[in-house]
Structures are given as C-alpha cells and as structure tokens.
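The chain contents come next:
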Amino acid sequence: MQSKLLALLLICAVPMASAQSIYSWKDASGRVHYSDNPPPDAQTRKLREAPIAPASPAARGQAPAQETYVEKEQAFRKRRAEAAEADEKARRDEVQEQNRQQMCNSLRQQLTGLESGQRIARFGENGERIFMEDDERAAEVEKTRAAIDKACK
C-alpha cells in the first residue's frame, strides 16, 4: 500500500518538477551549481524554461486529436444508459407479448366453450343463474371471434 502511494506521489510530482526553470551558476571558487531557485548573483544562465501550455485544439480551430477522460466517461455513460433503455424496452415488449398470448388463449377457450353446444349460464344482478339463448350464444361467438381476430394476429 505504501509503495503504491509513493509511486502515485512520484507520478504526480514529475509534471510539477518539469514545469519549473533550472538555473546554473559558478560560485567564487569555480564550482558549478544547479538549482531551481535563481542564484544570489545577478549573472545567471537558464538551462530550461518552464514549458508553455499549448493552446487547446478547439481554440486553434482544429478537431481534438484524442478524447479527454471526461469525454470518454460521458460517452461510456451514454452508451450504458442507451443499453439499459434498450434492455428495458425489450423486457416490456416480452411482458406485453406474454400478456397477449394469455389473452388469446383465454379467448380461444371461451370460443371453444361457446361452440361446444353445452348450456352456458351467467349470473344476474341478484345472483340467480340465467341461461344463454341461441341468439345470445351466436352473438357472443361473433363477438369472441372478432376479439380473437383483432388481438391474436
């Protein structure tokens, strides 16, 4: 853990160190000194200037060569949201299809029961059984067939 932290600090320190100027001078005894601080004398020689940050490609009117981390992250999040939305739509479509199949099966069973010729009863408002007449049965068969044709294509 400590070695990772030290490596991270060194990586962060390198750009800061490269952004500073380095000075060289000779003292009274003739020894050469190198430092990032200017010497006390007025006579100095700069070995390296601090780098000037280049203008961004967008400021120069050019297309950016590479996406920044933020742009990459935004693009990733957009793709992930689109994929989640597509998955959700597929799930909703699947549920709707299952519901449609169940309704079609129910309508087909109802039609089979109506066409079987057996007596069919419904319950009235007061709870008594009311048997369907032939003309009511025929109307119900047509109504059920229409519903099947509409919903079960």
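Here's a quick rundown of the structure. (Residues numbered from 1 in each chain as written. Predicted model: local features only at pLDDT ≥ 70, side-chain atom pairs only at ≥ 80, totals over all residues. Heavy atoms only, no water.)

**Digging into the overall build of the chain**
Moving on, step 1. Within the chain one finds three helices and five strands.
Moving on, step 2. Counting from the amino terminus, the chain carries its helices and strands in the arrangement α-β-β-β-α-β-β-α.
Moving on, step 3. Classification of the 153 residues of the chain by burial places 12% in the buried group.
Moving on, step 4. Counting contacts in the chain only where the partners sit at least 6 residues apart, residues at least 24 apart contribute 40% of the total. (Helix = DSSP H or I, 4+ residues; strand = E, 2+ residues; numbered from the N terminus. Buried < 20%, exposed > 50% of the residue type's maximum accessible area, 1.4 Å probe, protein only. Contact = heavy atoms within 4.5 Å.)

**Notes on the side chain of Glu-140**
Moving on, step 1. Here Glu-140 shows up in helix H3 (residues 134-151).
Moving on, step 2. At a separation of 3.0 Å, a polar atom in the side chain of Glu-140 contacts the side chain of Arg-122.
Moving on, step 3. Residues contacting Glu-140, with those up to four places away along its chain left out, are Gln-110, Leu-114, Arg-122 and Met-132. (Polar contact = N/O pair within 3.5 Å; in protein donor to acceptor, adjacent residues only side chain to side chain.)

**Overview of the pattern of salt bridges**
Pairs can form between side chains of opposite charge once their charged atoms are near each other.
Moving on, step 1. Under the counting rule described, the total for this entry stands at seven salt bridges.
Moving on, step 2. Glu-73 is the salt-bridge partner of Arg-77, the closest N and O atoms lying 2.9 Å from each other. Taken as a pair, Arg-77 and Glu-73 lie in helix H2 (residues 69-115) at a separation of four residues, close to a single helical turn.
Moving on, step 3. Arg-77 sits in the exposed class, given a relative accessible area of 51%.
Moving on, step 4. Through salt bridges that share partners, Glu-115, Glu-142 and Arg-145 make up one connected network. (Salt bridge = Lys/Arg side-chain N within 4 Å of Asp/Glu carboxyl O.)

**Observations regarding the state of the cysteines**
Moving on, step 1. Applying the stated criterion to the full structure yields one disulfide.
Moving on, step 2. Here Cys-104 engages in a disulfide with Cys-152; their sulfurs sit 1.9 Å apart. Negative torsions about the S-S bond denote left-handed disulfides, and the value of about -115° found for Cys-104 with Cys-152 makes this one left-handed. One end of the pair, Cys-104, is in helix H2; the other, Cys-152, is in the segment after H3, with 48 residues separating them in the sequence.
Moving on, step 3. What makes Cys-104 buried here is its relative accessible area of 1%.
Moving on, step 4. A relative accessible area of 15% places Cys-152 in the buried class. (Disulfide = S-S within 2.5 Å.)

Honestly, that's just the spatial picture; any functional story needs more than this.
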